[in-house]
Amino acid sequence: MELKDVRRIAIIGAGIMGHGIAQTFATSGYSVTVTDTNRDALDTLFDRIGKNLATFVEAGLVTEASVPEILRRIRVAATLEEAGSDADVVIEAALEDFDVKRALFNRMDAACPPHAILASNSSSLLISDFASEVHGQDRCILTHWMNPPHIVPAVEVIPGRHTSEETYELMCALLLKVGKQPVRVRKEIPGFLVNRIQMAMMREIWSLWDQGVASAEDLDMAVMGSFGFRLPSLGPLLSNDLAGADTSLRVGSLILPHIDNSTTPAEGFRAMIEAGNYGLKTGSGFFSHTPDEWADIVEKRDRILLRRLKCLYG
Ligand SMILES: NC(=O)c1ccc[n+]([C@@H]2O[C@H](COP(=O)([O-])OP(=O)(O)OC[C@H]3O[C@@H](n4cnc5c(N)ncnc54)[C@H](O)[C@@H]3O)[C@@H](O)[C@H]2O)c1
């Protein structure tokens, strides 16, 4: 199959990730079929995508006139078998659970055309493991989108042990075509690139917060106002080169012995979760807000990220 032959996309799971992935493909002209075992996720699908698209219109990233057409390209299906029957590419974005993904991949294998690429959006599981029973594992691949998937540009592309070069290149080309930046991860390692790097930073932030070194507000500002400010346009390694890589080595050698190297998240963070403070989901986490305030924060986040996206690619 070549890129020009890809016409129909199926999305399994219409949650936080699935609905945004569906929106991305539909916006780029693809026919998208979405399925979910939860009726509510399908009933609210068009409303959620419609709201996202309204923010895109406001940011000047899509025209108002194109919105009905984008929505018309999306349909819902009652079952995976129905959604996948005529798909060229299937993206599984269901529960992060090994047995669930294994069962879904076996069903995708049986239900989808033999030429279809079978992709998973798993954040942590390895495709070689949960797709090991699929016939033709050369067409299985992991694409790790980031939240919010309809906005964040990078998608990590991770091959399994048996993924063919053809599947890999086609997936990268497809992601580029829908406006994403494929990040080529050549080895199948837990956490891939983004979560490993992110978790290295989060381990230290959770630890500093737990030790009471700074407030949640100040910890966020320490990142956002410093290296975080540079990061959208300057990667950390180029930044090292510009600052003098020899200096970076000296500073790293002095500081690394002092930073957290535990293999579990800070105890205080675990205690916060055990007390039922999950953040937006429960009202309180590192920060406390009313439901309306959280809704404003999410809307503001999307607005800011879309402005940045427009600066980068608009
Ligand atoms: N949320 C994130 O920030 C994020 C980022 C990257 C990757 N991921 C990964 O993407 C996947 C989806 O995450 P999410 O955040 O969208 O979760 P979510 O809970 O918001 O959505 C998952 C959806 O899958 C549905 N589902 C569960 N079992 C199913 C099945 N057997 N068949 C069809 N649908 C089923 C659920 O009803 C739910 O609507 C997970 O593997 C997750 O690890 C999540």
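Model, not experiment: these values are computed from the prediction.

Rules and cut-offs
- Every chain is numbered independently, its residues counted from 1 as its sequence is written.
- Where local features are concerned, this predicted model is filtered to residues with pLDDT of at least 70; where side-chain atom pairs are given and counted, the filter is 80 or more; whole-chain, interface and lining totals use all residues.
- Each side-chain value is derived from all of the structure's non-hydrogen atoms; neither hydrogens nor water enter the calculation.
- Helix numbers and strand numbers start at the N terminus; a helix is a DSSP run of H or I with at least 4 residues, a strand a run of E with at least 2.
- Computation of the radius of gyration draws on C-alpha atoms alone. For the globule rule, the value is 2.2 Å times the number of residues to the power 0.38.
- Buried means the residue's accessible area, taken with a 1.4 Å probe over protein chains only, is under 20% of the maximum for its type, while exposed means over 50%, and partly exposed covers the values in between.
- Shrake-Rupley sampling with a 1.4 Å probe provides the accessible areas, and residues are treated as covered by the protein chains on show and by no other component.
- Positive charges are assigned to Lys and Arg, negative charges to Asp and Glu, while His and the chain termini are left out of the count.
- Note that the charge is assigned to NZ on lysines, CZ on arginines, CG on aspartates and CD on glutamates.
- Either an automatic procedure or a domain database provided the assignment from which the domain bounds are taken.
- Contacts were defined at the residue level, with two residues in contact if any of their heavy atoms lie within 4.5 Å.
- Here the buried area means the combined drop in accessible surface, using a 1.4 Å probe, for two parts upon being joined, counting both sides.
- In the sections that follow, a salt bridge refers to a side-chain nitrogen of Lys or Arg positioned within 4 Å of a carboxyl oxygen of Asp or Glu.
- Any pair of nitrogen or oxygen atoms within 3.5 Å is treated as a polar contact; in protein, a donor-acceptor pairing is required on top of that, and neighbouring residues in sequence qualify only through side-chain atoms on both sides.
- Comment: axis = line fitted to C-alpha atoms, over the contacting stretch for helices; angle = value between 0 and 180 degrees taken between N-to-C directions.
- Here roughly perpendicular refers to angles of 65 to 115 degrees, roughly parallel to angles under 35, roughly antiparallel to angles over 145, and oblique to all remaining angles.
- Crossing handedness is read from the near helix: turned anticlockwise from the far helix by less than a right angle, it gives a left-handed crossing, and turned clockwise, a right-handed one.
- One heavy atom within 4 Å of a molecule or strand makes the whole residue count as near it.
- Residue classes follow a fixed rule: Ala, Val, Leu, Ile, Met, Phe, Trp, Tyr, Cys and Pro count as nonpolar, while Asp, Glu, Lys and Arg count as charged, and any other residue, Gly among them, counts as polar.
- Being paired, for any two strands, means DSSP has found at least two bridges between them.
- To estimate the expected span of a helix, subtract one from its residue number and multiply by 1.5 Å.

Visitor: Help me understand the overall build of the chain, please; the structure alone is not making it clear to me.
Guide: Counting secondary structure elements, the chain contains 15 helices and eight strands. Relative to its length of 314 residues, the chain is compact, with a C-alpha radius of gyration of 21 Å against a globular reference of 20 Å. Each principal axis of the C-alpha distribution contributes one length, and for the chain these read about 55 × 45 × 40 Å. With 314 residues in all, the chain has 41% of them scored as buried. Of the accessible surface of the chain, which amounts to about 16,900 Å², a share of 58% is contributed by carbon and sulfur atoms. Across the chain, 31 positive and 41 negative side-chain charges occur, with their mean positions spaced 5 Å apart.

Visitor: In this structure, what is going on with the domain arrangement of the chain? I would like to understand it.
Guide: Interface size is often expressed as the accessible area that is lost when the parts come together. Assigned domains within the chain: domain 1 (3-184) and domain 2 (194-313). Every contact between the two is made by 15 residues of domain 1 and, on the other side, ten residues of domain 2. Together, the buried faces of domain 1 and domain 2 total about 1,200 Å²; carbon and sulfur atoms form 66% of this surface. Joining domain 1 to domain 2, the criterion identifies one salt bridge. Linking Arg 303 and Glu 58 is a salt bridge whose minimum nitrogen-to-oxygen distance equals 2.1 Å. Linking domain 1 with domain 2 are three residue pairs in polar contact (both at pLDDT 80 or more), by the criterion used here.

Visitor: Explain unusual backbone geometry to me, please; I cannot follow it from the model alone.
Guide: Outside of glycine, negative phi angles account for most residues, and trans bonds account for most peptide bonds. Note that the residue after Asn 147, namely Pro 148, is joined by a cis bond; omega there is -5 degrees. Note that Pro 148 resides in the loop between β6 (140-145) and β7 (154-159). The phi torsion at Phe 192 lies on the positive side, around 50 degrees, for a residue other than glycine. By relative accessible area, Phe 192 is classed as buried at 0%.

Visitor: Explanation requested: the packing of helix α1 (residues 16-27) against helix α3 (residues 45-58) in the structure shown.
Guide: A pair of packed helices is characterised by two quantities: the angle between their axes and the separation of those axes. Between α1 and α3, the shortest axis-to-axis distance is 10 Å and the interhelical angle comes to 60 degrees. Between α1 and α3, the angle falls in the class oblique. Remark: the crossing between α1 and α3 carries right-handed chirality. Across from His 19, Ala 22, Gln 23 and Thr 27 in α1, the residues of α3 making contact are Leu 45, Arg 48, Ile 49, Asn 52, Leu 53 and Phe 56.

Visitor: What is the right way to read the site of the ligand from this model?
Guide: In the region of the ligand, 21 residues are neighbours, and Met 17, Asp 36, Glu 96, Lys 101 and Ser 123 sit closest. Between an oxygen atom of the ligand and a main-chain N or O atom of Met 17, the distance comes to 2.8 Å. Contact between the ligand and Ala 94: an oxygen atom at 3.3 Å from a main-chain N or O atom of the residue. When isolated, the ligand has an accessible area of 820 Å², and the protein chains bury 75% of it. Those elements that provide at least two residues to the shell around the ligand are α1, α6 (98-111) and β6. Considering only residue class, the shell around the ligand consists of nine nonpolar, nine polar and three charged.

Visitor: Would you mind showing me how to read the sheet that holds strand β1 (residues 8-12) here?
Guide: Consider a sheet: its strands pair through backbone hydrogen bonds, and that pairing is either parallel or antiparallel. Strands sit in the order β3-β2-β1-β4-β5-β6-β7-β8 across an open sheet of eight strands; the sheet is mixed. Edge strands, defined here as strands with exactly one partner in the open sheet, are β3 (74-77) and β8 (181-184). Shown here is a sheet whose adjacent strand axes are inclined to one another by a mean of 25 degrees, direction ignored. Strand direction decides the pairing type here: β6 and β7, joined by five bridges, are antiparallel. Note that in β7 the partner of His 144 across the bridge is Glu 156. Of the strands in this sheet, β1, β4 (89-92), β5 (117-120) and β6 are in contact with α6, which crosses β5 at around 165 degrees.

Visitor: How should I be thinking about helix α8 (residues 165-177) in this particular structure?
Guide: For α8, built from 13 residues, the straight-helix expectation of 18 Å at 1.5 Å per residue is met to within 8% by its first-to-last C-alpha distance of 18 Å. Buried within α8 are the following residues: Thr 167, Tyr 168, Leu 170, Met 171, Cys 172, Leu 174 and Leu 175. Immediately downstream of α8, the backbone of Gly 179 shows phi near 90 degrees, a positive value.

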